[in-house]
Amino acid sequence: MKPALHLLRLILLCGALTLAAPLFPGPAGAAPESGQPENTALPDKPVKISERHTPVAVEYKGDDSIGSRLSTRVKELLNSSNLFALDSRDAPKFRILLATSPEFRDRPGVGSVYSVVWVFSLSEATLRHYLDSEVGVITPGEVDGLAARIVEQTDKMATRYGYLFPEQPQ
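These numbers were taken from a predicted model, which means no experiment stands behind them.

Trainee: So what about the pattern of salt bridges? Which residues, and what values?
Mentor: In total, this model carries nine salt bridges according to the counting rule given. Here E59 makes a salt bridge to R95, at a shortest N to O gap of 2.6 Å. Highlighted residues: E59 in strand β1 (residues 54-62) and R95 in strand β3 (residues 93-102), separated in sequence by 36 residues. Between K156 and E152 there is a salt bridge, with its nearest N and O atoms 3.8 Å apart. With K156 and E152 both in helix α3 (residues 143-160), this residue pair falls four residues apart, about one helical turn.

See below:
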């Protein structure tokens, strides 16, 4: 490589570093340039993180063992989560409407068809607001995975439609 080309590259590299220097912070021990003393303590004012305990109810309709296991598993997962509170009171909440039926009446343990509908209701006396739905077929080995997916989808609904809940005084 020619020495002149080598020198040109070195000059360009130094110029690039000079231009990029303001983008990087100084060394860890360097004093701040804002004029504040180095040992300024940060105010000790912790901010409370708003907790989300979304009220949810699971309403199950079905006559097959796979569907009842699915309903029970969904309730277990919601109950063990710190994001949800199973609620049977007449209050604003998300409702998971779960319906199942045996895929084949002659072979009830082989599979089930299911339907899940997510709705929001302010009370028992008001109309429910449709949010989303899902239908499919499930086998006994897929119960845990589908239950987890239903809870995950419920969490997405709670995040997306949380504004539907009336403001709570604090």
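From this point, the discussion proceeds with the structure in view.
Trainee: How would you sum up the nonpolar core? Please name residues and give values.
Mentor: Formed by 25 residues in total, the largest nonpolar core has its most connected members in L70, V74, L78, F94, I96 and I150. At seven residues, α3 tops the list of elements feeding residues into this core. Residues contacting V74, with those up to four places away along its chain left out, are V58, A147, I150 and V151.

Trainee: Explain the side chain of S101 to me, and be specific about the residues and the numbers.
Mentor: If you trace the backbone, S101 turns up in strand β3. At 3.4 Å, the side chain of S101 forms a polar contact with the side chain of R105. In this view, S101 contacts D63, D64, S112 and V113; residues no more than four positions away in its chain are not counted.

Trainee: Can you tell me about helix α2 (residues 65-80), naming the residues and giving the values?
Mentor: Relative to the 22 Å expected for 16 residues at 1.5 Å per residue, α2 spans 22 Å between its end C-alpha atoms, a close match to the ideal helical length. Residues I66, G67, L70, S71, V74 and L78 constitute the buried set of α2. For α2, the angular spread of buried residues about the axis comes to 140°, placing them on one side. In α2, the exposed positions that point more than 90 degrees away from the buried face belong to N79 and S80. The inward-facing, buried residues of α2 contact β1, β2 (84-86), β3, β4 (112-121), β5 (129-138) and α3. At the N-terminal boundary of α2, the capping side chain belongs to D64, with an oxygen 3.2 Å from the backbone nitrogen of G67.

Trainee: Can you lay out the pairing of β4 for me, pointing to particular residues and giving the numbers?
Mentor: Of all 10 residues that make up β4, seven are buried, and the element is covered over most of its length. Pairing geometry for β3 and β4, over 10 bridges, is antiparallel. Paired with S101 across the bridge in β4 is V113. In this structure, β4 lies alongside β5, joined through nine bridges in antiparallel fashion. When the sheet's bridge partners are listed, F120 is paired in β5 with H129.

Trainee: How would you explain the environment of L77 if you had to name every residue and give the values?
Mentor: Among the structural elements, L77 can be located in helix α2. Placed 71 residues apart in sequence, L77 and A148 show a C-alpha to C-alpha distance of 7.3 Å. In this view, L77 contacts A147, A148 and V151; residues no more than four positions away in its chain are not counted.

About the cut-offs
The written sequence of each chain sets the order in which its residues are numbered from 1. The model is predicted, so local features are restricted to residues of pLDDT at least 70 and side-chain atom pairs to those at 80 or more, both for listing and for counting; the totals for chains, interfaces and linings are taken over all residues. To obtain the side-chain values, all non-hydrogen atoms of the structure were included, while hydrogens and water were left out. Should a side-chain nitrogen of Lys or Arg be within 4 Å of a carboxyl oxygen of Asp or Glu, the pair is scored as a salt bridge. Secondary structure elements follow DSSP: runs of H or I no shorter than four residues count as helices, runs of E no shorter than two count as strands, and numbering proceeds from the N terminus. Buried residues of nine kinds, namely Ala, Val, Leu, Ile, Met, Phe, Trp, Tyr and Cys, make up a nonpolar core once their side-chain atoms join them within 4.5 Å. The buried label goes to any residue with under 20% of its type's maximum accessible area, the exposed label to any with over 50%, and the partly exposed label to all in between, with areas taken from a 1.4 Å probe on protein chains only. Residues count as neighbours in contact if any of their non-hydrogen atoms are within 4.5 Å of one another. Side-chain atoms alone can form a polar contact between residues adjacent in sequence; in general such a contact is a pair of N or O atoms within 3.5 Å, and within protein one must be able to donate a hydrogen while the other accepts it. A helix is expected to reach a length of 1.5 Å times the quantity of its residues less one. Working note: the arc is built from the helix axis to C-beta atom directions. A pair of strands is labelled paired if DSSP reports no fewer than 2 bridges between them.

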